Amino acid sequence: MDEVQIDGVSSGDMDVFILSGQSNMAGRGGVSAHKWDSFIPPQCQSHSSILRLNPHLQWEKAHVPLHADIDKHKTCGVGPGMTFANTVLKHYRDNEKGSYRIGLVPCAIGGTAIKEWEKGSFLYNSMIHRTKAALARGGVLRAILWYQGESDATHEKSAECYKENLEKFIHDVRSDLQQPNLLFLQVAISMGDLPYSENVQKIREAQLGINIPNVYCIDAKGLPQHEDKLHLTTEAQVQLGKMLADAYLKYGLSQDSPMNCSECCQALRDCSVI
């Protein structure tokens, strides 16, 4: 695997994005019977200017599957991350705007409910820790891409409490990363005709109804799904990555207030989660 040395990179030379949530963010495109077909669409090809933070908190050249050693107990395939990054990078280069280096911080774990991401949990602490590690040697935290909610749709009580829990999650992430206006791009779930379709609708209403500044919802409804009526196909993941990139380019480029990283290194030393 290609290691990319970035020692000495100054703040602002890399735009950093958190990829978090559950399986559709981790990527199940091309996965069937616990095997990935290894097909990588042109929109998801690796690029020397697109990096990802690996489990050892080192930057390396990003490649599909982005979450293979993060969501390591599941089979990962194509997710939205690489299409997102390639689309944003092309826009930067075409318009001479922003950084010419994209840093992706994969954190998504399949099958997780939003309560497993609440402040103080292992997943939450790990995501915050990884983000601070990503920024410790320079970079600008631009947005979090969040795709989660399918697990909560299987329980009526979880669905009813989803909006409250999501709003608290957004607030806690912004607070702990010291970026109160961090762009939050969330995906509204889309699931097939399942026994708990009423709960799915409650989750979607919560996601589409969030009214917090600088939080935007991208709707996955209508995107092609696997036969399980849950996971997006490779084609759908490419479409979603483009939709997320379009949202970022519309809402995020005007923001130029990076996270204050003066305490990142100390925070990493004090953090017990690896």
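A quick note: this is a predicted structure, and the numbers were derived from the prediction, not measured.

Calculation notes
Residues numbered from 1 in each chain as written. Predicted model: local features only at pLDDT ≥ 70, side-chain atom pairs only at ≥ 80, totals over all residues. Heavy atoms only, no water. Helix = DSSP H or I, 4+ residues; strand = E, 2+ residues; numbered from the N terminus. Contact = heavy atoms within 4.5 Å. pLDDT = per-residue confidence, 0-100. Pairing = 2+ DSSP bridges. Axes fitted to C-alpha atoms, helices over the stretch in contact; angles between N-to-C directions. Buried < 20%, exposed > 50% of the residue type's maximum accessible area, 1.4 Å probe, protein only. Phe/Tyr/Trp six-rings, centres within 6.5 Å; stacked < 30°, edge-to-face > 60°.

Asks: When you look at the side chain of His 231 in this model, what are you seeing that I'm missing?
Replies: Within the secondary structure layout, His 231 lies in the loop between strand S9 (215-219) and helix H7 (234-251). Setting aside anything within four residues of it in sequence, one finds His 231 in contact with Ser 23, Asn 24, Arg 28, Gln 225 and His 226.

Asks: In this structure, what is going on with the confidence of the model for the protein? I would like to understand it.
Replies: Low pLDDT means the predicted atomic positions in that stretch should not be read closely. For the protein, per-residue confidence averages 89 on the pLDDT scale, and 86% of positions sit at 70 or higher. The model gives residues 1-12 a pLDDT under 50, and that stretch makes 29 contacts with residues more than four places away or in other chains. In the model, residues 257-274 has pLDDT below 50 throughout and makes 27 contacts with residues more than four positions away in sequence or in other chains.

Asks: Is there a simple way to think about the sheet that holds S9 in this case?
Replies: Backbone hydrogen bonds are what pair the strands of a sheet, in a parallel or an antiparallel way. Taking strand neighbours across the sheet as the criterion, the seven strands line up as S5-S4-S6-S1-S7-S8-S9 in an open arrangement whose pairing is mixed. On the outer flanks of this sheet lie strand S5 (59-61) and S9, each paired with one strand and no other. Averaged over all pairs of adjacent strands, the angle between their axes in this sheet comes to 25°, without regard to strand direction. Judged from the five bridges that link them, strand S7 (residues 140-147) and strand S8 (residues 183-188) form a sheet pairing that is parallel. By the bridge assignment, Tyr 147 is partnered in S8 with Val 187. Contacts from H7 reach strand S1 (15-21), S7, S8 and S9, with the element oriented near 150° to S8.

Asks: How do you make sense of unusual backbone geometry when you look at a structure like this?
Replies: Each neighbour pair has its own omega, and for Val 64 with Pro 65 the value is -5°, a cis peptide bond. In this structure, Pro 65 sits in the loop between S5 and helix H2 (81-95). In this structure, Asn 214 takes a positive phi of about 65° despite not being glycine. Take Asn 214: it is sitting in the loop between helix H6 (197-208) and S9. Note on Asn 214: relative accessible area 12%, which makes it buried. Its identity as a non-glycine residue notwithstanding, Lys 229 has a phi of 60°, on the positive side. Classification of Lys 229 as partly exposed rests on a relative accessible area of 39%.

Asks: How should I be thinking about the packing of aromatic side chains in this particular structure?
Replies: Any aromatic ring pair is given by two values, namely how distant the centres are and how the planes are angled relative to each other. On inspection of all chains with the given rule, the structure shows nine aromatic pairs. Aromatic side chains Phe 17 and Phe 84 sit 4.9 Å apart centroid to centroid with 80° between the ring planes, which places their arrangement in the edge-to-face category. In this pair, Phe 17 is assigned in strand S1 and Phe 84 in helix H2, connecting sequence segments 67 residues apart. Classification of Phe 17 by relative accessible area gives buried; the value is 0%. Ring centres 5.0 Å apart and planes at 90° place the aromatic pair Phe 17 and Tyr 248 in the edge-to-face group. Taken together, the residues span a long stretch of sequence, with Phe 17 in strand S1 and Tyr 248 in helix H7 at a distance of 231 residues. Take Phe 17 and Tyr 248: they sit in the same class, and that class is buried.

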